[in-house]
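Below are the chains, spelled out letter by letter.
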Amino acid sequence: MKIAAAAYPLDWFDDWSAYEAKIARWVQEAAEEGADLLVFPEYGAMELATLDGAAVAGDLERSLHAVSRRIPDVDALHLRLAAEFNVHILGASAPVFDGGIRPVNRATLYAPNGHKGVQDKQIMTMFERDPWDVTGGDALKVFDTELGKIGILICYDSEFPLLGRALADVDLLLVPSCTEALAGYWRVRIGAMARALENQCVSVMSSNVGPADWSEAVDQNTGMGGIFGPPDTGFPATGVLAEGVLNKPGWTYADVDLKAIAEVRRNGVVRNRTHWDERSEPGKTVTICPLR
């Protein structure tokens, strides 16, 4: 299969048709390059707040509600495009009020057969906790698709090994991200690459790029697309299948073979995924050894 990871600029829209045209253009471009799976970034959906005007887009609380109200239309658009172009799409994540007092940060995976599934972020960043008050959502899921088993760790979640380990059965681990500074980009990238090493799978990182001065939440964005595997048998020595250019909008593509993932898990130089369980719950067996 071919995978496309987005470096996605956030835009201002005066009407829904402008947003619809943008997403359609991005999906069509990737599909025409032969992509089977398209990965948009974390909080890319915040650009929908501009549809309610500058006062709403620039207000942390009102922008949450404005974006959440648009999700049914966003779902319908992505499902239509997934079917039209016969692709799987991980849509840009969005704040969603789903029965709780506070919103979750939710990414939705759309299949060309009309099915969709959602994954909520598990662990909130400092900004999401305060002042934004976005909260963790439902548990992790494994999506069984025509492209293989897919898991999603939204941005900060990728930095926690045990969340990755919970998805040890996936072939593809999608990491949509939203990072303000270069250090943040590298924290998430290191997490995405580490999870690919531990699970001997392919991880796919997408990013927002450029300024969005109309928003307090996503005003500055640094990143690029990247697709990573274990630096082992059948994969590049660096583990980097493909990477974009920092802060340059567009798609980054890589060809991925599920057989290569199965092979490295069976016959790799190292067997991280299998050997993980040889020492169960090491945190409970650590002892203090005084040397002073």
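Residues numbered from 1 in each chain as written. Predicted model: local features only at pLDDT ≥ 70, side-chain atom pairs only at ≥ 80, totals over all residues. Heavy atoms only, no water.

Chemist: Would you mind going over unusual backbone geometry with me for this structure?
Modeler: Of note, the amide linkage connecting D130 to P131 takes the cis form, showing an omega dihedral of 25°. Turning to its location among the elements, P131 is positioned in helix α5 (residues 126-132). Positive phi values are uncommon outside glycine, yet Q200 reaches one of about 50°. For Q200, the location among the structural elements is in the loop between α7 (182-199) and β10 (202-209). (Helix = DSSP H or I, 4+ residues; strand = E, 2+ residues; numbered from the N terminus.)

Chemist: Help me understand the UniProt feature "domain: CN hydrolase" (unreviewed entry) in the chain in this model?
Modeler: UniProt's feature table lists "domain: CN hydrolase" (unreviewed entry) at residues 1-258, given in the numbering used throughout. Measuring from the first to the last C-alpha atom of residues 1-258 gives 8 Å, for a span that is 30% helix and 24% strand. (UniProt positions renumbered as here; feature names shortened; annotations may be inferred.)

Chemist: Could you clarify how one ought to interpret a nonpolar patch on the surface in this entry?
Modeler: Judged by side-chain polarity, L182, W186, I190 and L246 come together as a nonpolar surface patch covering roughly 370 Å² of accessible area. Residue position: L246 is located in the loop between β12 (240-243) and β13 (250-255). By relative accessible area, which is 38% here, L246 ends up partly exposed. (Patch = residues over 30% accessible without salt bridge, like charges linked within 9 Å, V, L, I, M, F, W, Y side chains within 5 Å. Areas by Shrake-Rupley, 256 points an atom, 1.4 Å probe, with all protein chains shown as cover. Salt bridge = Lys/Arg side-chain N within 4 Å of Asp/Glu carboxyl O. Buried < 20%, exposed > 50% of the residue type's maximum accessible area, 1.4 Å probe, protein only.)

Chemist: Any chance you could explain the packing of aromatic side chains here in plain terms?
Modeler: Given two aromatic rings, their pairing is described by the distance between the two centres and the angle made by the two planes. A complete count under the given rule lists twelve aromatic pairs for this structure. Their ring planes at 85° and their centres at 5.5 Å tell us that Y8 and F40 sit as a pair that is edge-to-face. Of the two residues, Y8 sits in strand β1 (residues 2-9) while F40 sits in the loop between β2 (37-39) and α2 (54-57), which places them 32 residues apart along the sequence. You'll find Y8 and F40 in the same group, each marked buried. Ring plane angle 70° and centroid distance 6.3 Å describe the contact between W12 and W214, whose orientation is recorded as edge-to-face. Here the residue W12 occupies a position in the loop between β1 and α1 (16-32), and W214 occupies one in the loop between β10 and β11 (226-228), the gap between them amounting to 202 residues. (Phe/Tyr/Trp six-rings, centres within 6.5 Å; stacked < 30°, edge-to-face > 60°.)

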